[in-house]
Amino acid sequence: EDKVVQSPLSLVVHEGDTVTLNCSYEVTNFRSLLWYKQEKKAPTFLFMLTSSGIEKKSGRLSSILDKKELFSILNITATQTGDSAIYLCAVGWGGATNKLIFGTGTLLAVQP
Amino acid sequence: DGGITQSPKYLFRKEGQNVTLSCEQNLNHDAMYWYRQDPGQGLRLIYYSQIVNDFQKGDIAEGYSVSREKKESFPLTVTSAQKNPTAFYLCASSDPRTGGSYEQYFGPGTRLTVT
């Protein structure tokens, strides 16, 4: 059965800390891995990764994919209270359907 | 301004009643999706549609129905057969024609409470 597993399930840090969120997957016909940030309502897109070893970066956020070990990490440096959210990992799998399989998410709380 | 709208934001219903959640997009996307999100769980796929007048069951379709009569609209009906309908419902769309892009765009969601 295809699955996407995220860890930790929840995390509390203080402003300025660096956090690493993990996403491992077992998905047949893997095509891409996506990260989303969800604050209260609509998930917003962060990154899409398709190739191993190539880091994607946006400000204080960065992500990398390892297709051999079947995992991805999302790093957030110098965390701010505005980073508090659920971070969702999703895997796009083969076929023409563009379907995504989501993990359970990591709830990040950044305290001042 | 392109995007996805869902209405209403909050919905309250009595047990035994059917209820329809609205989802509209003006992104000109062919594919649309409905997800359910429960506390501590990720998004689970209810139904999806690749094209007008066609839709497929997702992982948890029992107790739900959809229609896709127009490209812009993909309403979801939660029927009385759905055993635990209280949840947060998210609608999304994507453009499968964009060379393998799996990025989905999400609406703001509808929180349904059934008592």
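Preceding block: the structure.
Nothing here was measured: the structure is a model prediction, and the numbers come from that model.

All right, on to the environment of Gln80(A) then. Residues and elements named next belong to chain A. Relative to the helices and strands, glutamine 80 is located in the loop between strand 8 (71–76) and strand 9 (85–93). Assessed through its relative accessible area of 39%, glutamine 80 is described here as partly exposed. Between the C-alpha atoms of glutamine 80 and glycine 16, which are 64 residues apart in sequence, the distance is 6.6 Å. Here arginine 60 takes part through its side chain, which lies 3.5 Å from a polar atom of the side chain of glutamine 80.

So, on to the sheet that holds strand 8 of chain A. Residues and elements named next belong to chain A. Taken in spatial order, the five strands make up an open sheet running 1-3-8-7-6, and their pairing is antiparallel. In this open sheet, the two strands that pair with only one neighbour each are strand 1 (3–7) and strand 6 (56–58). On average, each strand axis in the sheet is tilted by 15° relative to the strand beside it, whichever way the strands run. The pairing of strand 6 with strand 7 (residues 61–66) spans three bridges and is antiparallel. The residue bridging serine 58 from the neighbouring strand is leucine 61, located in strand 7.

Let us look at the pattern of salt bridges. Scanning the entire structure with this criterion turns up five salt bridges over all chains. Put simply, Glu39(A) and Lys37(A) hold a salt bridge, and the shortest N to O gap is 3.8 Å. Residue classification places Lys37(A) among the buried positions, given a relative accessible area of 13%. Linked through salt bridges whose partners overlap, the residues forming this network are Arg36(B), Asp38(B) and Arg44(B).

Turning our attention to the nonpolar core. The nonpolar side chains of a soluble globular protein tend to be buried, and buried together. Residues and elements named next belong to chain A. If you look at the biggest cluster of nonpolar residues, it comprises 23 residues, and the most contacted ones within it are Val4, Tyr25, Leu33, Trp35, Tyr87, Val91 and Leu108. Elements with a minimum of two residues in this core: strand 3 (19–26), strand 4 (30–38), strand 5 (43–49), strand 7, strand 8, strand 9 and strand 11 (106–111). With residues up to four places along the chain from it excluded, the contact list for leucine 108 reads Leu11, Val13, Val19, Ile76, Asp83, Ser84, Ala85 and Tyr87.

Let's shift gears to the environment of Pro112(A). Structurally, Pro112(A) is set in the segment after strand 11. Ignoring sequence-local partners within four residues, the contact set of Pro112(A) consists of His14(A), Glu15(A) and Thr81(A).

Chain A puts 24 residues into the contact, and the matching count from chain B is 22 residues. Between chain A and chain B, the buried area comes to about 1,800 Å², and carbon and sulfur atoms account for 57% of it. When the buried surface of chain A facing chain B is broken down by residue, Asn98(A), Lys99(A) and Phe102(A) rank first, second and third, together holding 31% of it. The interface formed by chain A and chain B contains zero salt bridges. For the pair chain A and chain B, the number of links is three residue pairs in polar contact (both at pLDDT 80 or more).

Next up on the list: the pairing of strand 5 of chain A. Residue and element names in this part refer to chain A. Relative to strand 5, strand 4 runs antiparallel, the two being bridged by six bridges. Across the sheet, the residue bridging to leucine 33 is leucine 49, located in strand 5. Remark: four residues form the turn of the hairpin made by strand 4 and strand 5, two consecutive strands paired antiparallel; lysine 40 in that turn has positive phi of roughly 70°.

What counts as what
- The numbers attached to residues start from 1 for each chain and follow its sequence in the written order.
- Starting at A for chains and at 1 for ligands, labels are handed out in the order in which the entities are written.
- Given that the model is predicted, a residue must reach a pLDDT of at least 70 before its local features are reported, and side-chain atom pairs must reach 80 or more before they are shown or counted; all residues, however, enter totals for whole chains, interfaces and linings.
- Note: side-chain values were computed over all heavy atoms of the structure, leaving out hydrogens and water.
- Put simply, DSSP marks the helices as runs of H or I at least four residues long and the strands as runs of E at least two long, and each gets a number from the N terminus on.
- Buried means the residue's accessible area, taken with a 1.4 Å probe over protein chains only, is under 20% of the maximum for its type, while exposed means over 50%, and partly exposed covers the values in between.
- Throughout this description, a polar contact denotes any pair of N or O atoms lying within 3.5 Å of each other; where both atoms belong to protein, one of them has to be capable of donating a hydrogen while the other can accept it, and for residues adjacent in sequence the pair is counted only when both atoms sit in side chains.
- At least two bridges found by DSSP between two strands are what make those strands a pair.
- Angles run from 0 to 180 degrees between N-to-C directions of axes, and those axes are lines fitted to C-alpha atoms, restricted for helices to the stretch in contact.
- Between Lys or Arg on one side and Asp or Glu on the other, a salt bridge is scored when a side-chain nitrogen of the former is within 4 Å of a carboxyl oxygen of the latter.
- The term nonpolar core refers to a set of buried residues drawn from Ala, Val, Leu, Ile, Met, Phe, Trp, Tyr and Cys, joined through side-chain atoms within 4.5 Å.
- Contacts were defined at the residue level, with two residues in contact if any of their heavy atoms lie within 4.5 Å.
- Summed over both partners, the accessible surface that disappears when two parts come together, traced with a 1.4 Å probe, is what is meant by buried area.

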